[in-house]
Structure formats: C-alpha cells, structure tokens
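One-letter residues, chain by chain:
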Amino acid sequence: MSLDATNEARNQPRRNASDLQQSSKIKPVPFRGAGFVHTQHRFIAPLLFVALIILWEIGSQTGFISNIALPAPSEAAGALSDLFETGMIWKHLSASLYRLVVGWTLGSLIGVFVGLAIALFSLVRAGISPFITALFPIPKIALLPLFIIWFGIGEGSKVATILFGTFFPTVIATYGGVDNVDRNLIRMGQSFGLSWMSIVRKIIIPGALPAILSGFRISASIAIILLVAAEMIGAEFGIGAYILMAGALFATDQLIAGVAMLSVLGLTVGWLISRAERMLLSWRA
C-alpha cells in the first residue's frame, strides 16, 4: 500500500466525524406547504367579548360611562329578562324570523338562478346585466313606500323589501363566481366529452360555490339591516319595532337589549353559513 493511500485511510474517520458534526448543526426546515391554513383559536373571541362587557360594566358602575347615554350591561340583561318573563321575546323573534327567512330564501334562490343565467347565456347577460348594474346602487329601503302601495302594510311589503335587497348581491356574487372558474377545467371537461349540463353541474357550480356562499354572507347581513328598517314602519311585532318603541320611550336599556338580539341573530346566521361552507367546500381542504 502506498503512503498516500495510508494517509487517506487514516484521515477517513476524521472526515466522517467532521461530517456528522456538521450535519448535527443543520436546522430542520419547517413545512411550508400549508396553503395559508388558519389555526383555530376558539377561546379568543369569547374571552375578548367577556373582557369588553366587564370593562363596560365597571365604567357604568363607576360613572365613567353615563347611564343615560349607554346603560350598563346588567340593565340591558334586566330588560331581556323582562322580555322572557312576559313572553314578548317570542312574538318579536317569530315575526322577525318569518320575514327574514322568507325574504332571504326567496331572494337568494332567485338571485342564484338569475346569476347562473347571466353567466351561462350570452343573450341573458346582454339583456339583464345592465338592469342589474343600474338597479343595484338604489337604496332598497327607499322603495319600501312603493312596496307598501303594491303589497299593503302587512307582511308582503316587508318580505318584498328583504327579497329585493337580497337578490342583487346574490346575482352579482353568482355570475362573478362563475366567471372566475378556471377555464382550463371547462376545456378539460369538454375534451373528455362531458355534456353541457355535466360541465355546469360538476365543474362550474362547484367552482363558483365559494363566491356564492360569500354572497350569501353579505346578503344575509343586508337582509337583517332591511328587516329592522322595514319593521320600524308599520309593524306591531318584530325586533325593529321593539327597538323603535324603546327609542321613542328613551328606554335605552331596552334599546340595547334589542341590539343584542340582532347581534345574536347575526351570529347565528353567520354560524349556519359557516357550517354550510364546511359541508359544501370540503374539497378545498
């Protein structure tokens, strides 16, 4: 064996030890392909809400917050307790839920149907899309007197106001979602010989669902706003009528109780839409 080969054999264990020492210093690289998956923090919002309520109560009890301008949460809770004891809360809630569910459901269904028609048929887009663009900016509550003339002072005018306000954002969200579907997926379906209806049912509608559900979330908020405004005009029962009566009597505790009911209603609707998104959009995970 030559001298160079002998030296190489002696140095080999040292090199292996040096390589192992360097490899031990290498830091592992974290996984970077999570796709912006959000971490669930379930207790942050409830804790923050409780902290705000406690600060509000302390400010009211110490006089830092005027009870005339903003009553304490305990006073609003007392007004809610009175509603439960008298049973009036169920009359107000049932009236508001009926108007909200009927108006929002009809407006959403018609809006999805018209939005799909605009997105899929060129003649419909050319004929109806300009009307949607022209009528969408009109404040829907401004049309309530006209709806009262058409449908009377009863439930018809209130439901029509909510339906009309829900219809337009749903239409825009629907055909906007269809327009944003990846055209390569549609071409792929055509190349595999799928029929027009199969492409709509299996590619276009699933691809547009995220935008449609986002439109539902927006239209539900608009529906609650229009519900309160419509109930403040010629309604005996309903959350909006209750808030209007409390404001007329300067009963700020009852007014805050009505606002709290609207907040719970909005949270419930948002939770239901979130559940629908988890069920219908599970393929995005």
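Residues numbered from 1 in each chain as written. Predicted model: local features only at pLDDT ≥ 70, side-chain atom pairs only at ≥ 80, totals over all residues. Heavy atoms only, no water.

## Things to note about the overall build of the chain
Alright, step 1. Along the chain, the regular secondary structure elements total 11 helices and 0 strands.
Alright, step 2. By element, 70% of the accessible surface of the chain is carried by carbon and sulfur atoms, the whole surface being about 18200 Å². (Helix = DSSP H or I, 4+ residues; strand = E, 2+ residues; numbered from the N terminus. Areas by Shrake-Rupley, 256 points an atom, 1.4 Å probe, with all protein chains shown as cover.)

## Some thoughts on the packing of aromatic side chains
Alright, step 1. Scanning the model with the defined rule gives 10 aromatic pairs in all.
Alright, step 2. Their ring planes at 45° and their centres at 6.4 Å tell us that Phe136 and Phe168 sit as a pair that is tilted. You can see Phe136 sitting in the loop between helix 5 (122-135) and helix 6 (144-151) and its partner Phe168 sitting in helix 7 (residues 155-179), a full 32 residues away along the chain.
Alright, step 3. Residue classification places Phe168 among the buried residues on the basis of a relative accessible area of 2%.
Alright, step 4. Clustering of aromatic rings is evident, with ring pairs tying together Phe136, Phe147, Trp150, Phe151, Phe164, Phe167 and Phe168. (Phe/Tyr/Trp six-rings, centres within 6.5 Å; stacked < 30°, edge-to-face > 60°. Buried < 20%, exposed > 50% of the residue type's maximum accessible area, 1.4 Å probe, protein only.)

## Overview of the environment of Phe147
Alright, step 1. Relative to the elements of secondary structure, Phe147 occurs in helix 6.
Alright, step 2. Residues Phe147 and Thr161 lie 14 residues apart in sequence; the distance between their C-alpha atoms is 7.2 Å.
Alright, step 3. When sequence neighbours within four positions are dropped, the list of residues in contact with Phe147 reads Gly152, Ser157, Ala160, Thr161 and Phe164. (Contact = heavy atoms within 4.5 Å.)

## Comments concerning unusual backbone geometry
Alright, step 1. With a phi angle near 55°, Phe250 is a residue other than glycine that sits in the positive phi range.
Alright, step 2. Along the polypeptide, Phe250 turns up in the loop between helix 10 (239-248) and helix 11 (252-280).
Alright, step 3. Assessed through its relative accessible area of 73%, Phe250 is described here as exposed.

## With respect to the side chain of Thr161
Alright, step 1. Within the secondary structure, Thr161 is located in helix 7.
Alright, step 2. Since its relative accessible area comes to 0%, Thr161 is described here as buried.

## Topic: a nonpolar patch on the surface
Alright, step 1. A contiguous nonpolar patch, built from Phe49, Val50, Ile54 and Ile58 and spanning about 390 Å² of accessible area, is present on the exposed surface.
Alright, step 2. Here Val50 lies in helix 2 (residues 44-62).
Alright, step 3. For Val50, a relative accessible area of 44% corresponds to the partly exposed category. (Patch = residues over 30% accessible without salt bridge, like charges linked within 9 Å, V, L, I, M, F, W, Y side chains within 5 Å. Salt bridge = Lys/Arg side-chain N within 4 Å of Asp/Glu carboxyl O.)

## Details of the packing of helix 7 against helix 9 (residues 196-231)
Alright, step 1. In contact at an axis separation of 7 Å, helix 7 and helix 9 are set at 155° when each is read in the N-to-C sense. One finds that helix 7 runs roughly antiparallel with respect to helix 9. For the pair helix 7 and helix 9, the crossing hand works out as right-handed. Touching Lys158, Thr161, Ile162, Gly165, Thr166, Pro169, Thr170, Ala173, Thr174, Gly177 and Val178 of helix 7 are Ile204, Ala208, Ala211, Ile212, Gly215, Phe216, Ser219, Ile222, Ala223, Leu226, Leu227 and Ala230, all from helix 9. (Axes fitted to C-alpha atoms, helices over the stretch in contact; angles between N-to-C directions. Parallel < 35°, antiparallel > 145°, perpendicular 65-115°, else oblique. Left-handed = near helix turned anticlockwise from the far one by under 90°.)

## Description of the pattern of salt bridges
Alright, step 1. Considering all chains together, one arrives at 4 salt bridges under this definition.
Alright, step 2. Of the charged contacts in the structure, one is a salt bridge between Glu231 and Arg99, with a shortest N-O distance of 2.7 Å. Placement of Glu231 in helix 9 and of Arg99 in helix 4 (residues 88-120) is noted, with a sequence separation of 132 residues between them. The two residues Glu231 and Arg99 agree in class, both being buried.
Alright, step 3. Of the charged contacts, one joins Arg217 and Glu277 as a salt bridge, the two residues approaching to 3.1 Å between their closest N and O atoms. Placement of the pair is Arg217 in helix 9 and Glu277 in helix 11, with a sequence separation of 60 residues.
Alright, step 4. In this structure Arg217 comes out as partly exposed when scored by relative accessible area, which is 32%.
Alright, step 5. When salt bridges that share partners are traced, they join Arg99, Glu155 and Glu231 into one network.

## Comments concerning helix 5
Alright, step 1. If you check helix 5, its first and last C-alpha atoms are 20 Å apart, about what 14 residues at 1.5 Å a residue would give, namely 20 Å.
Alright, step 2. When the local axis directions of helix 5 are compared, the greatest deviation, roughly 35°, occurs at Ile128, which is followed within four positions by the proline Pro130. (Expected span 1.5 Å × (residues − 1). Bend = angle between axes of the 7 residues up to and from the residue.)

## Quick word on the side chain of Ser129
Alright, step 1. With respect to the helices and strands, Ser129 occurs in helix 5.
Alright, step 2. In this structure, Ser129 is in contact with Ile118, Val124 and Tyr175, ignoring residues within four places of it in sequence.

## Things to note about the environment of Arg187
Alright, step 1. By secondary structure assignment, the location of Arg187 is in helix 8 (residues 183-191).
Alright, step 2. Residue classification places Arg187 among the exposed positions, given a relative accessible area of 51%.
Alright, step 3. A distance of 3.1 Å separates polar atoms of two side chains, one belonging to Arg187 and the other to Asn184. (Polar contact = N/O pair within 3.5 Å; in protein donor to acceptor, adjacent residues only side chain to side chain.)

## Some details on the confidence of the model for the chain
Alright, step 1. Mean pLDDT over the chain: 84, with 86% of residues reaching 70 or higher.
Alright, step 2. Looking over the chain, one finds the lowest element-wise mean pLDDT in helix 1 (residues 3-25), namely 53, and the highest in helix 4, namely 93. (pLDDT = per-residue confidence, 0-100.)

## Quick notes on the packing of helix 9 against helix 11
Alright, step 1. Interaxial distance between helix 9 and helix 11 falls to 11 Å at its minimum, and their mutual angle equals 165°. If you check the angle between helix 9 and helix 11, you find them roughly antiparallel. For the pair helix 9 and helix 11, the crossing hand works out as right-handed. Only Leu262, Leu265, Gly266, Val269, Gly270, Ile273, Ser274, Ala276, Glu277 and Leu280 of helix 11 make contact with helix 9, whose side of the interface consists of Leu209, Leu213, Phe216, Arg217, Ala220, Ile224, Leu227 and Val228.
Alright, step 2. Taken together, the residues of the contact of helix 9 with helix 11 break down into 13 nonpolar, 3 polar and 2 charged. (Nonpolar A, V, L, I, M, F, W, Y, C, P; charged D, E, K, R; others polar.)

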